[in-house]
Amino acid sequence: MDYFELVDKAYKEHNLAKGEVMRLLEPKGVEEEAYLFKKADQLRHECVGDCVHLRGLIEFSSHCRRNCKYCGLRRDNVSLERYRLSPEDIVKIAHNAALLGYKTIVLQSGEDEFYTADVMAYIIKEIKKIADVAITLCIGERSYEEYKIMKEAGADRYLLKFETANPGHYREMHPDMSYKDRIDCLMALKDLGYEVGSGDIVGLPGQTVEHLAEDIMLLKELDVEMAGIGPFIPHHSTPFRDEARGTLEMTLRMVAITRLMLPYANIPATTAVGTIHPQGRQKALMAGANVVMPNVMPPEYRPRYEIYPSKICIGEKPSHCRLCIEGIIRSLGREVGQDYGSYRGR
Ligand code: SAM
Ligand code: SF4
Ligand code: FES
């Protein structure tokens, strides 16, 4: 089977073997790659439509107890000036985002135990009282009980990337964390009825094409409702400061193959892909992605949530990003989704 036939097979069956995914990750030429993107875009159109769903991202705390080697928020980075928002301020920012038209709010932070499950439950309930939005949590590993409390409070979705599906590579990236714990958390979230998002980082040091294929196989096995795939960007205050960043090309291929394997998944055009290339988000939206997560934080906090440097939108106001992203979406002949943008595959 040549490359084009393999793309056709993925487009029809959504079920490739790992070796076949590896072949798709390494196209022989520009025509092959363009065909991969074209078929992924076509499947995106057929399965999740032309609306691009916006998720308003609230980065409410930069404190983190973890030490992921790639991340600027890791606890050993003492050069970062940390902040933590009060529940009231978080609710206020969520309310403003809803006024700008966002139908989903993503509450994201480092792993910060200051926000117990009960505190999160309070925030979730307060937001739901005043805003008609779906709530996605992205706050790391917690116990089953804690996930349950937050679900019962009204949280709809949870984003927890496995970052790399290869257990050995996972250990290298997170020496004091456990791959099993990560998977157990994802299983707990599924069990509790969250819409679950997971994903990886493309171009992590030590990563091989086989690892990337394993990432796609795991996304398929977990049957995730969301798949977040973004390039690695080195941060100067981490052990990976001198490593190369992930490439646009490989990130786009990962997005496209993930669309072919998971036709109904919500797949964001990440901020990271917009950071490594000025047209990165547009290209991802044309290679299978159907979601964007604009920042809705007031500008004064943005530089302090430095996962990686040179992040886009760093000095912008939420209202500016909202208009900017709508312009981008319209320029691609697409529309901004007006509903919650929930998973439609089941
Ligand atoms: N602490 C929570 C967690 O890890 O799930 C949520 C916040 S964390 C900053 C969100 C995501 O940032 C991670 O899942 C990881 O994929 C991504 N990330 C961290 N450092 C990165 C880097 N240097 N380049 C690209 N993505 C990065
Ligand atoms: Fe903390 Fe998340 Fe960064 Fe890891 S990726 S150091 S858990 S904020
Ligand atoms: Fe923030 Fe364009 S989305 S400036």
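Now for a description of the structure that goes with this document. Fair warning: this is a prediction, and the values are worked out from it, not measured in the lab.

Here is what the cut-offs are and how they apply
- Residues numbered from 1 in each chain as written.
- Chains lettered and ligands numbered in written order.
- Predicted model: local features only at pLDDT ≥ 70, side-chain atom pairs only at ≥ 80, totals over all residues.
- Heavy atoms only, no water.
- Pairing = 2+ DSSP bridges.
- Helix = DSSP H or I, 4+ residues; strand = E, 2+ residues; numbered from the N terminus.
- Near = heavy atom within 4 Å.
- Polar contact = N/O pair within 3.5 Å; in protein donor to acceptor, adjacent residues only side chain to side chain.
- Areas by Shrake-Rupley, 256 points an atom, 1.4 Å probe, with all protein chains shown as cover.
- Axes fitted to C-alpha atoms, helices over the stretch in contact; angles between N-to-C directions.
- Left-handed = near helix turned anticlockwise from the far one by under 90°.
- Contact = heavy atoms within 4.5 Å.
- Nonpolar A, V, L, I, M, F, W, Y, C, P; charged D, E, K, R; others polar.
- Core = buried A, V, L, I, M, F, W, Y, C linked by side-chain atoms within 4.5 Å.
- Buried < 20%, exposed > 50% of the residue type's maximum accessible area, 1.4 Å probe, protein only.
- Salt bridge = Lys/Arg side-chain N within 4 Å of Asp/Glu carboxyl O.
- Right-handed = clockwise from strand over helix to strand, strands pointing away.
- Phe/Tyr/Trp six-rings, centres within 6.5 Å; stacked < 30°, edge-to-face > 60°.

### With respect to the sheet that holds strand β8 (residues 291-292)
The parallel open sheet is built from three strands, whose spatial order is β8-β1-β9. In this open sheet, the two edge strands, each paired with only one partner strand, are β8 and β9 (335-336). Summarising the sheet, strand β1 (residues 51-54) and β8 pair through two bridges and their orientation is parallel. Counted as the bridge partner of L54 is V292 from β8.

### Re the site of ligand 1
Taken together, 17 residues sit near ligand 1, with Y70, S109, E163, I233 and I307 positioned nearest. One of the backbone N or O atoms of S109 is found 3.0 Å from a nitrogen atom in ligand 1. In the model, a nitrogen atom of ligand 1 is placed 2.8 Å from a nitrogen or oxygen of the I233 main chain. When ligand 1 is considered free in solution it has 550 Å² of accessible area, and contact with the protein chains removes 91% of it.

### Examining the packing of helix α4 (residues 87-99) against helix α5 (residues 117-130)
Closest axis-to-axis distance for the α4/α5 pair is 9 Å, and the angle between their directions is 35°. α5 is crossed by α4, and the crossing has right-handed handedness. Between α4, through P87, E88, I90, V91, A94 and H95, and α5, the contact on the second element is made entirely by V119, Y122, I123, E126, I127 and I130. A per-class count over the contact of α4 with α5 returns nine nonpolar, one polar and two charged.

### What about the nonpolar core?
I58, L107, M120, L137, Y147, M150 and Y194 are the most contacted members of the largest nonpolar core, which has 111 residues in total. For this core, the element with the highest residue contribution is helix α10 (residues 248-261), accounting for nine residues. Excluding anything up to four places from it in sequence, Y147 contacts G140, E141, R142, Y158, L160, C185, A188, L189, L192 and Y194. In terms of nonpolar packing, the next biggest core, distinct from the first, is built from six residues, V106, L159, V291 and M293 among them.

### Concerning the environment of D215
On the secondary structure map, D215 appears in helix α9 (residues 209-222). Taking the C-alpha atoms as reference points, D215 and T275, separated by 60 residues in sequence, lie 22 Å from one another. Once you skip the residues sitting within four places of it in the chain, D215 turns out to touch F162, E163, T164, A165, D200, Q207 and M254. A distance of 2.7 Å separates a polar atom in the side chain of D215 from the backbone nitrogen of A165.

### Focus: the site of ligand 2
Within the structure, ligand 2 sits among C64, R66, C68, C71, L73, R74 and G110. The residue inventory of the shell around ligand 2, partitioned by class, reads four nonpolar, one polar and two charged.

### With respect to the pattern of salt bridges
If you walk through the whole model with that rule in mind, you get 30 salt bridges. Close ionic contact of D50 with R44 constitutes a salt bridge, the shortest N to O distance being 2.7 Å. Using a relative accessible area of 3% as the deciding quantity, one classes R44 as buried. Between D176 and R75 there is a salt bridge; the shortest N-O distance is 3.1 Å. Of this pair, D176 sits in the loop between α7 (167-173) and α8 (179-191) while R75 sits in the loop between β2 (56-61) and α4, placing them 101 residues apart in sequence. Three or more residues joined by partner-sharing salt bridges are found here, namely R65, R66, E111, E113, E141, E163 and R182.

### Regarding the side chain of T164
Looking at the secondary structure, you find T164 in the loop between β5 (157-159) and α7. A distance of 3.0 Å separates a polar atom in the side chain of T164 from a polar atom in the side chain of H169. With near-sequence residues (within four places) excluded, T164 lies in contact with H169, Y170, M173, Y179 and D215.

### A short note on the pairing of strand β7 (residues 226-231)
For β7, the tally of buried residues reaches six of six residues, placing the bulk of the element in the interior. Burial along β7 is two-sided: the face carrying M226, G228 and G230 and the face carrying A227, I229 and P231 are both buried. After leaving strand β6 (residues 195-202), the chain enters α9 and then returns to the sheet as β7, a path that is right-handed.

### A short note on the environment of G110
You can see G110 is positioned in the loop between β3 (104-109) and α5. Classification of G110 as buried rests on a relative accessible area of 5%. Those residues within four positions of G110 in sequence are excluded, and the remaining contacts are S61, H63, C64, L73, I139 and Y305.

### Remarks on the packing of aromatic side chains
Tallying each qualifying case throughout the model produces nine aromatic pairs. Each ring, one from F4 and one from Y35, has its centre 5.3 Å from the other, and the planes form 65°; the classification is edge-to-face. One end of the pair, F4, is in helix α1 (residues 3-13); the other, Y35, is in helix α3 (residues 30-48), and 31 residues separate them in sequence. Under the relative-accessibility criterion, Y35 is labelled buried at 18%.

### Thoughts on the pairing of β1
In this sheet, β9 lies alongside β1 in parallel orientation, the contact comprising two bridges. Each residue of the ladder has a partner; that of C51, found in β9, is E335.

### With respect to unusual backbone geometry
Residue E163 is not a glycine yet carries a positive backbone phi of 70°. Mapping E163 onto the fold places it in the loop between β5 and α7. Exposure remark for E163: the relative accessible area of 10% places this residue in the buried category. Backbone geometry at S310 places phi at a positive 60°, although glycine is not the residue there. The topology assignment puts S310 in the loop between β8 and α13 (318-331).

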